[in-house]
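Each chain, written out:
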Amino acid sequence: MNEFLHQLVAGLATGGIYASVALALVMIYQATHHINFAQGEMAMFSTFVAWALIEAGLPYWGAFALTVVISFVLAMVIEFAVIRPMHNAPELSVVVVFIGLLVIFHSLAGWLFGYTIKQFPSPFPSNAWYGSELMSAHQVGAIVVALVMVALLFSFFAFTPVGLALRAAAQNAPSSRLVGINVGRMLMLGWGLAGAIGAVAGMMVAPVVFLDPNMMTGVLIYAFAGALIGGIDNPAGAVLGGFIVGVLENLIGTYVVGTELKLSVALVLIVGVLIVRPSGLLGRKIVTRV
Amino acid sequence: MNQSSKTNCSSPQAAIAARMASGNSAGAGLSWRWIVLLLILAVGLTFVAKGYHLFQATMVLAYAIALLGLNILTGYNGQISLGHGAFFALGAYAAAILMEHAGAPYWATIPAAGVFCLIIGYLFGRPTLKLEGLYLALATFALGVAMPQLLKYKHLEAWTGGVQGIVLAKPDAPFGLPLTQDQWLYLFALLVTLVMFVIAHNLLQSGSGRAMRAIRDHAMAAEAMGVDNRHYKSMSFGVSAAYTGVGGALSAIAVQFVSPDSFTLFLSISLLVGIVVGGVGTLWGAFFGALFIMFVPSLAEKVSKAAPWAVYGVVLIAIMFAMPGGVMGLLRKISERRSRRPD
């Protein structure tokens with residue numbers, strides 16, 4: 001039983017990270033109806049930036065804040081310079097551009113920072129009061145950070161005028177323009193937010209999986225699955241989905257098939273769920289006029 | 001199609017249908033003169049290129065068949081797949097296992113791999129009918145991720161050879177033809193490619209091809225017109241998988257080796273990149289896409305040893321900026337402009 005609890009809790013901890021990246025994916029999907037396949041690599045790159053800042057002598061939280069700002073700006077620049085010119089291009093061409101971004105960030109990170117695996121510090125002291133035998137302080141911290149991000153985002157979207165404008169721009173761009181919303185700026189903002197969320201997720205995952213250019217590849221797959229299983233148009237659903245995927249992955253790996261096949265089995269289960277509930281657990285069914 | 005329209009051209013509908021069909025085929029491919037010229041050049045390459053270059057040419061043909069398969073699904077039927085590398089792997093392994101364990105001759109493994117992948121593709125396409133867009137992307141992605149792991153799975157090791165994979169022998173030229181192994185293999189690949197492209201061309205021009213395109217353009221309208229969506233969509237999956245499997249089998253024979261690590265997710269993504277670069281929903285785009293995925297990575301390495309994939313990514317994005325419709329989209333635009341100028 002204790003073993004089971006242990007696995008469950010460990011699953012929740014990784015689930016928190018998947019949830020954060022899933023949240024970033026949903027952010028961009030909400031704003032642009034694209035899935036950003038480069039999200040994981042952008043987060044990985046941000047984490048390397050944080051690592052370089054810490055190496056340069058900045059205190060952890062200083063580097064953390066600076067990295068979030070840098071990632072925010074970087075993502076906005078990417079939206080403006082790379083994604084916006086493609087707004088009339090076919091869907092698949094945009095997907096290919098995302099793949100291009102993915103390999104660029106992957107390669108750049110390896111080139112600038114090296115392919116050797118690096119330690120990344122955790123901001124949560126290992127002997128903190130909230131750590132216990134079941135769950136290390138970092139795991140608790142990562143979950144809390146994920147939940148805080150959801151709460152912040154929710155309040156941003158629900159209670160601030162800018163959040164309202166962002167939702168409007170995503171839902172109906174021409175009408176939003178007519179009421180005076182700068183849609184282009186909103187898209188940039190959406191990308192910036194996603195970049196910042198991804199950076200936080202990267203900094204939370206790095207102490208667990210160690211820092212190297214490949215660290216986010218698996219995370220992105222799980223986050224994508226989490227976002228879809230929860231409902232791609234629902235931030236809360238994405239977080240729930242992320243946690244579900246994390247727990248499922250851990251339990252299947254431990255009890256059913258072992259580590260070699262756990263990714264496959266988890267994905268097959270997820271696809272099974274989607275066949276029964278095609279719009280995800282919390283997603284809205286999309287009704288289109290013909 | 002053309003013959004039937006000749007016999008009953010008296011009715012106006014048939015005349016319109018015939019005109020549409022001929023217009024369609026002119027739009028879909030190049031003229032016969034070009035095809036014959038290209039074919040002569042392709043056969044000529046056998047005696048000009050040597051060793052490694054012939055191997056590269058053979059691989060381009062294998063990729064072209066695989067890309068054509070993905071294009072049948074994505075370009076002509078509108079279903080996205082991020083996991084076609086899995087069918088490429090299945091075809092390659094089917095060929096390798098047949099040659100290794102059943103002692104089958106290499107030429108017989110090509111159709112066998114095709115039929116095997118047709119069945120698997122159909123069986124995969126059937127339950128995923130309900131999924132569309134991103135959800136289908138995830139399901140196929142899962143397939144692409146699962147395949148290398150399955151091939152490594154220890155209970156299948158007796159067949160697949162596990163992580164070590166299977167090593168194959170290169171076939172000799174038959175009938176005592178004075179050709180080296182590389183030359184013969186290239187010619188063989190060229191023949192397979194020709195047959196596969198002719199079949200695809202005829203399929204896409206037929207009623208089935210029209211039904212597939214109708215589903216892509218407007219599934220509900222197609223259904224209302226009496227097109228059986230379920231049947232055509234799962235069949236497209238099957239046919240597409242069969243093509244990709246044939247490409248995989250051909251590549252296995254050319255490389256003389258299969259192992260799970262040759263069929264990673266990156267292959268699936270390369271295939272998708274290939275059809276977009278070549279031109280979605282075009283026959284000939286497959287060749288441009290195959291050239292891209294065969295040569296651009298090594299060219300990128302020549303440009304920058306330190307960060308080759310950054311160069312690759314930049315080239316990819318630049319291509320998408322310059323020609324969002326792929327190479328074929330650009331060619332079409334040029335020919336349209338040229339035909340407009342004299343008027």
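Bear in mind the structure is a predicted one, so any value in this text is a computation, not a measurement. (Residues numbered from 1 in each chain as written. Chains lettered and ligands numbered in written order. Predicted model: local features only at pLDDT ≥ 70, side-chain atom pairs only at ≥ 80, totals over all residues. Heavy atoms only, no water.)

## Thoughts on the overall build of chain A
Part 1 of the reasoning: Scanning chain A from terminus to terminus reveals 11 helices and zero strands.
Part 2 of the reasoning: Taken from the N to the C terminus, the helices and strands of chain A come in the order α-α-α-α-α-α-α-α-α-α-α.
Part 3 of the reasoning: Taking 2.2 N^0.38 as the reference for a compact globule, 290 residues should give roughly 19 Å; the C-alpha atoms of chain A span a radius of gyration of 19 Å, in line with that estimate.
Part 4 of the reasoning: Its C-alpha atoms put chain A at 60 × 50 × 35 Å along the principal axes.
Part 5 of the reasoning: Taken over 290 residues, chain A has a buried fraction of 57%.
Part 6 of the reasoning: Taking as baseline every contact in chain A between residues at least 6 positions apart, the subset at least 24 positions apart corresponds to 74%.
Part 7 of the reasoning: Element-wise, carbon and sulfur atoms account for 69% of the exposed surface of chain A, whose accessible area totals about 12600 Å².
Part 8 of the reasoning: Seen as two clouds, the 10 positive and the 10 negative side-chain charges of chain A have centres 20 Å apart. (Helix = DSSP H or I, 4+ residues; strand = E, 2+ residues; numbered from the N terminus. Rg over C-alpha atoms; globule rule 2.2 N^0.38 Å. Buried < 20%, exposed > 50% of the residue type's maximum accessible area, 1.4 Å probe, protein only. Contact = heavy atoms within 4.5 Å. Areas by Shrake-Rupley, 256 points an atom, 1.4 Å probe, with all protein chains shown as cover. Lys, Arg positive; Asp, Glu negative; His and termini not counted. Charge placed at Lys NZ, Arg CZ, Asp CG, Glu CD.)

## Examining the overall build of chain B
Part 1 of the reasoning: A tally of regular secondary structure across chain B gives 16 helices and two strands.
Part 2 of the reasoning: Compactness check: chain B gives a C-alpha radius of gyration of 21 Å against a globular reference of 20 Å for 343 residues, within 12% of the reference.
Part 3 of the reasoning: With respect to the principal axes defined by its C-alpha atoms, chain B has extents near 60 × 50 × 45 Å.
Part 4 of the reasoning: The buried share of chain B, taken over its 343 residues, is 51%.
Part 5 of the reasoning: Taking the intrachain contacts of chain B between residues at least 6 apart in sequence as the baseline, contacts between residues at least 24 apart amount to 79%.
Part 6 of the reasoning: Taken as a whole, chain B presents about 16100 Å² of accessible surface, with 67% of it coming from carbon and sulfur.

## Quick word on the nonpolar core
Part 1 of the reasoning: Residues M204 of chain A together with F292 of chain B are the most contacted members of the largest nonpolar core, which totals 206 residues.
Part 2 of the reasoning: Among all residues touching F292 of chain B, those that are not within four sequence positions of it are V273, V277, P297, Y312, V315, L316 and I319 of chain B. (Core = buried A, V, L, I, M, F, W, Y, C linked by side-chain atoms within 4.5 Å.)

## Points about the packing of aromatic side chains
Part 1 of the reasoning: Applying the stated criterion across every chain, the model contains 28 aromatic pairs over all chains.
Part 2 of the reasoning: Taking the centre distance of 6.4 Å and the plane angle of 85° together, the rings of F224 of chain A and F141 of chain B count as edge-to-face. Of the two residues, F224 of chain A sits in helix α9 (residues 217-230) while F141 of chain B sits in helix α7 (residues 133-152), which places them in two different chains. Residues F224 of chain A and F141 of chain B agree in their burial class; the two are buried.
Part 3 of the reasoning: Taken together, the ring pairs in this structure connect F45, F48, W51, F105 and F113 of chain A into an aromatic cluster.
Part 4 of the reasoning: One Lys or Arg, K118 of chain A, reaches over the ring of W51 of chain A and ends 5.1 Å from the middle of that ring. (Phe/Tyr/Trp six-rings, centres within 6.5 Å; stacked < 30°, edge-to-face > 60°. Lys NZ or Arg CZ within 6 Å of the ring centre and 35° of its normal.)

## Digging into the interface of chain B and chain A
Part 1 of the reasoning: Counting from both sides, the interface comprises 39 residues of chain B and, opposite them, 39 residues of chain A.
Part 2 of the reasoning: Roughly 3400 Å² is buried in total at the junction of chain B and chain A, and carbon and sulfur atoms are behind 83% of that figure.
Part 3 of the reasoning: Contact with chain A buries surface across chain B, with L134, Y135 and L138 of chain B losing the most and accounting together for 20% of the total.
Part 4 of the reasoning: At the boundary of chain B and chain A, one finds zero salt bridges.
Part 5 of the reasoning: Our count for the chain B to chain A interface comes out at two residue pairs in polar contact (both at pLDDT 80 or more).
Part 6 of the reasoning: Residues that form the side of chain B that touches chain A fall into these classes: 33 nonpolar, four polar and two charged. (Buried area = accessible area lost by both parts, 1.4 Å probe. Salt bridge = Lys/Arg side-chain N within 4 Å of Asp/Glu carboxyl O. Polar contact = N/O pair within 3.5 Å; in protein donor to acceptor, adjacent residues only side chain to side chain. Nonpolar A, V, L, I, M, F, W, Y, C, P; charged D, E, K, R; others polar.)

## With respect to helix α15 (residues 308-322) of chain B
Part 1 of the reasoning: Along its 15 residues, α15 of chain B runs 21 Å from first to last C-alpha, staying within 8% of the 21 Å computed at 1.5 Å per residue.
Part 2 of the reasoning: For α15 of chain B, the full list of buried residues reads P308, A310, V311, Y312, G313, L316, I317, I319 and M320 of chain B.
Part 3 of the reasoning: At its buried positions, α15 of chain B is contacted by α3 (60-83) and α4 (91-113) of chain A together with α13 (265-278) and α14 (285-303) of chain B. (Expected span 1.5 Å × (residues − 1).)

## So, helix α2 (residues 39-55) of chain A
All names here are of chain A.
Part 1 of the reasoning: Here α2 spans 24 Å end to end across 17 residues, near enough to the 24 Å set by a 1.5 Å rise per residue.
Part 2 of the reasoning: Counting buried positions over the 17 residues of α2 gives 14, a clear majority of the element.
Part 3 of the reasoning: Downstream of α2 by one or two residues, G57 has phi in the positive range, about 110°.

## Brief notes about the environment of Q30 of chain A
Residues and elements named next belong to chain A.
Part 1 of the reasoning: Take Q30: it is sitting in helix α1 (residues 2-32).
Part 2 of the reasoning: C-alpha of Q30 to C-alpha of D233: the two residues are 203 residues apart in sequence and 6.3 Å apart in space.
Part 3 of the reasoning: Once residues within four sequence positions are removed from consideration, Q30 is found in contact with A170, D233 and P235.

## Some details on the environment of W61 of chain A
Part 1 of the reasoning: If you trace the backbone, W61 of chain A turns up in helix α3.
Part 2 of the reasoning: When the C-alpha positions of W61 of chain A and V150 of chain A are compared, they lie 20 Å apart, and in sequence the two are 89 residues distant.

## Some remarks on the packing of helix α3 (residues 32-48) of chain B against helix α9 (residues 181-205) of chain B
Residue and element names in this part refer to chain B.
Part 1 of the reasoning: Interhelical geometry of α3 versus α9 gives an angle of 165° and a closest axis separation of 9 Å. Our classification of the angle between α3 and α9 gives roughly antiparallel. In the crossing of α3 with α9, the sense of the turn from one axis to the other is right-handed. In this structure, α3 uses L39, A42, V43, L45, T46 and F47 to contact α9, whose residues at the interface are Q183, Y186, L187, L190 and L194.
Part 2 of the reasoning: Looking at the contact of α3 with α9, its residues break down into nine nonpolar, two polar and no charged. (Axes fitted to C-alpha atoms, helices over the stretch in contact; angles between N-to-C directions. Parallel < 35°, antiparallel > 145°, perpendicular 65-115°, else oblique. Left-handed = near helix turned anticlockwise from the far one by under 90°.)

## Let's talk about the confidence of the model for chain A
Part 1 of the reasoning: Looking at chain A, the pLDDT average stands at 83 and 93% of residues meet or exceed 70.
Part 2 of the reasoning: Averaged pLDDT values over the elements of chain A bottom out at 75 in helix α11 (residues 262-276) of chain A and peak at 92 in α3 of chain A. (pLDDT = per-residue confidence, 0-100.)

## A look at the pattern of salt bridges
Charged atoms that come close allow side chains of opposite charge to pair.
Part 1 of the reasoning: Inspection of every chain in the model, using the stated rule, returns two salt bridges over all chains.
Part 2 of the reasoning: Residue R216 of chain B is joined to D217 of chain B by a salt bridge in which the shortest nitrogen-to-oxygen separation is 3.0 Å.

## Side note on the environment of L179 of chain B
All names here are of chain B.
Part 1 of the reasoning: Inspection of the secondary structure assignment puts L179 in the loop between β1 (166-167) and α9.
Part 2 of the reasoning: Look at L179 and you get buried, because its relative accessible area is 18%.
Part 3 of the reasoning: Note: C-alpha distance between L179 and T46 (133 residues apart in sequence) is 9.3 Å.
Part 4 of the reasoning: Those residues in contact with L179, other than ones at most four positions away along the chain, are F47, A173, W184 and L187.

## A closer look at the side chain of D212 of chain A
Residue and element names in this part refer to chain A.
Part 1 of the reasoning: Along the chain, the position of D212 falls in the loop between α8 (183-209) and α9.
Part 2 of the reasoning: K118 is the oppositely charged side chain nearest to the buried, salt-bridge-free D212, at an N-O distance of 8.8 Å.
Part 3 of the reasoning: Excluding its chain neighbours within four sequence positions, the residues that come into contact with D212 are M44, F48, Y115, T116 and I117.

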